[in-house]
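So you can see what is in the structure, the chains are spelled out below.
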Amino acid sequence: MTTVEKILGHLRDGRVTRREALVALASFLTPENVGEVMAAVPPDVAADLERWAAGVPVQGAVVIGANLSSEEGQRIAERLQVAGCAVRAWVAGRPRHAIPDGDGADFGSSRPSENGS
Amino acid sequence: LRPCSIDEALAIAQDHGVAIPAYLRFDLCEEFVPANAYASYLMLGSMEGNTLIRWADCLNLHGQVPVHLRPGVLESDEAIVAVFAHEMHEITGLRAAFGGNSGILPASEVYRLISPDLAGNLHARAVEIADRLVLQMRGR
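First, a word on what this report is: a plain description of the structure on this page. (Residues numbered from 1 in each chain as written. Chains lettered and ligands numbered in written order. Predicted model: local features only at pLDDT ≥ 70, side-chain atom pairs only at ≥ 80, totals over all residues. Heavy atoms only, no water.)

**Describing the pairing of strand S1 (residues 24-28) of chain B**
Residue and element names in this part refer to chain B. Counting buried positions along S1 yields 4 of 5 residues, so the element is predominantly enclosed. Relative to strand S5 (residues 65-69), S1 runs parallel, the two being bridged by 5 bridges. Looking across to S5, one finds that Arg25 is bridged to Pro66. (Buried < 20%, exposed > 50% of the residue type's maximum accessible area, 1.4 Å probe, protein only. Helix = DSSP H or I, 4+ residues; strand = E, 2+ residues; numbered from the N terminus. Pairing = 2+ DSSP bridges.)

So this is what it looks like as structure tokens:
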């Protein structure tokens, strides 16, 4: 099982949230593998990654994660900046006919309300 | 030492007074736990401080907050009680903060509430609670 399949499996099984899965996939992205990964994920996830990449903070951001030290947060932020650049460059270089329509891509829009509270 | 299951861990935590609400889910998911931590949740990455986070963004497909554990946590009753109590108290407080603000908080506020680098926040309080429970287990 590839890293991408494993992350998507965690999402399907409810082990992670959609945003967590998205960030985990992004953390795995490099300029070298971005095309391969974007082709491997479902279209709605690819569209979410494009939207996420468009909004990756360059600096002055906070890194959200429980039990995350500032040092580890800084490492994650740097990795995500690289991933964001990779996705944006990939989008910019993609033929227009390949742009997904983004159906159902707004992450969280169909998430059920909280249970048991 | 045989690691226990998640269900066994939940029972151990409950035996020591840590009642886990139904909106929390614990799983072994080591790749989502930061270095030097035993557990994590809400690994949302970098955001502008004024980005709004919805409580719904903290939930999985089943409407639960997924908490990610390192396998080593399940090898020790003390670790189970400390980690489950810590995350339960932190997330309960976070949920109340979201609830008090129409289910939406800016990323900067979420950071302020859960960062281990800031004093006096939900994380710091959760550390105190977990430490106290472990001392109780040791009969002190």
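**Focus: the sheet that holds S5 of chain B**
Residues and elements named next belong to chain B. Across the sheet, 3 strands lie side by side as S1-S5-S2; this open sheet has mixed pairing. Edge strands, defined here as strands with exactly one partner in the open sheet, are S1 and strand S2 (39-40). Where S2 and S5 come together, 2 bridges link them in antiparallel fashion. Residue pairing in the sheet places Ala39 in a bridge with Leu69 of S5. On the sheet, helix H2 (residues 77-99) packs against S1, S2 and S5 and is oriented at approximately 150° with respect to S5. (Contact = heavy atoms within 4.5 Å. Axes fitted to C-alpha atoms, helices over the stretch in contact; angles between N-to-C directions.)

**Quick word on the nonpolar core**
If you look at the biggest cluster of nonpolar residues, it comprises 41 residues, and the most contacted ones within it are Ile64 of chain A together with Tyr41, Leu42, Ile53, Ile80, Phe84 and Val110 of chain B. Among the secondary structure elements, those contributing two or more residues to this core are strand S1 (62-64) of chain A together with helix H1 (6-15), S1, S5, H2, helix H3 (107-114) and helix H4 (122-137) of chain B. Apart from the residues lying within four places of it in its own chain, the contact partners of Ile53 of chain B are Ile64 of chain A together with Leu44, Met47, Cys58, Phe98, Gly103, Ile104, Leu105, Ala107 and Val110 of chain B. Counting residues in hydrophobic clusters, the runner-up holds 33 residues, among them Leu25, Val37, Ala53 and Val56 of chain A. (Core = buried A, V, L, I, M, F, W, Y, C linked by side-chain atoms within 4.5 Å.)

**Observations concerning H1 of chain B**
All names here are of chain B. Of the positions making up H1, those classed as buried are Ala9, Ile12 and Ala13. Taken end-on, H1 shows its buried residues confined to a sector of 100°, consistent with a single buried face. Exposed residues pointing more than 90 degrees away from the buried face of H1 are listed as Asp7, Gln14 and Asp15. Where H1 is buried, its residues contact H2. Just downstream of H1, Gly17 is the residue with a positive phi angle, here 90°. (Arc of directions from axis to C-beta.)

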